[in-house]
Amino acid sequence: MSVDELWSLHEEISELLSARIHEQKRVLEERLAVLNGGATATEIPRAAPKPARRKYPKVLPRYRNPESAETWSGRGKRPRWLVAAMKAGRDMQEFLISS
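Being a predicted model, the structure only gives us computed values, none of them experimental.

By the definition in use, this model includes three salt bridges. Residues Glu23 and Arg26 are paired through a salt bridge, measuring 2.4 Å at the closest nitrogen-oxygen approach. Pair noted here: Glu23 and Arg26 are both in helix 1 (residues 3-35), with a separation of three residues, about one helical turn. Given the relative accessible area of 38%, Glu23 is considered partly exposed.

Here it is, written out as structure tokens:
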């Protein structure tokens, strides 16, 4: 086949596919309207956005790394410096910040 024939075939196939896609979309929109009690897709109310997470109060640090200024509040996963120190045989109480 020549390039012109291939191009015309390509255009013909593109038009057929486009027509089928539009027809399927129309059918699906009709089915959706039936499921929504007659409302069209543009009339369907959207769900309200989720409210923002509540803000937690600031937590002061309870533990300090004596070798650097790193601190940890005691919440969440233990920091690497504390885990390494505990593996070396030190106690968590040694890192408490005095109040």
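Evaluation of the coordinates by the stated rule reveals two aromatic pairs. Consider the rings of Trp81 and Phe95, whose centres lie 5.6 Å apart with planes at 70 degrees: the pair is edge-to-face. Residue Trp81 is located in helix 2 (residues 80-87), and its partner Phe95 is located in the segment after helix 2; the two are separated by 14 residues in the primary sequence. Assigned by exposure class, Trp81 and Phe95 land together as buried.

Definitions and limits used
- Every chain is numbered on its own, with residues counted from 1 as its sequence reads.
- Given that the model is predicted, a residue must reach a pLDDT of at least 70 before its local features are reported, and side-chain atom pairs must reach 80 or more before they are shown or counted; all residues, however, enter totals for whole chains, interfaces and linings.
- For the side-chain quantities, the full set of heavy atoms in the structure was used; hydrogens and water were omitted.
- Should a side-chain nitrogen of Lys or Arg be within 4 Å of a carboxyl oxygen of Asp or Glu, the pair is scored as a salt bridge.
- Secondary structure elements follow DSSP: runs of H or I no shorter than four residues count as helices, runs of E no shorter than two count as strands, and numbering proceeds from the N terminus.
- Burial classes: relative accessible area under 20% of the type maximum marks a residue as buried, over 50% as exposed, and values in between as partly exposed (1.4 Å probe, protein chains only).
- Within 6.5 Å between ring centres, the rings of Phe, Tyr and Trp (the latter by its six-membered ring) count as paired, and their orientation is classed by plane angle as stacked under 30 degrees, edge-to-face over 60, tilted in between.

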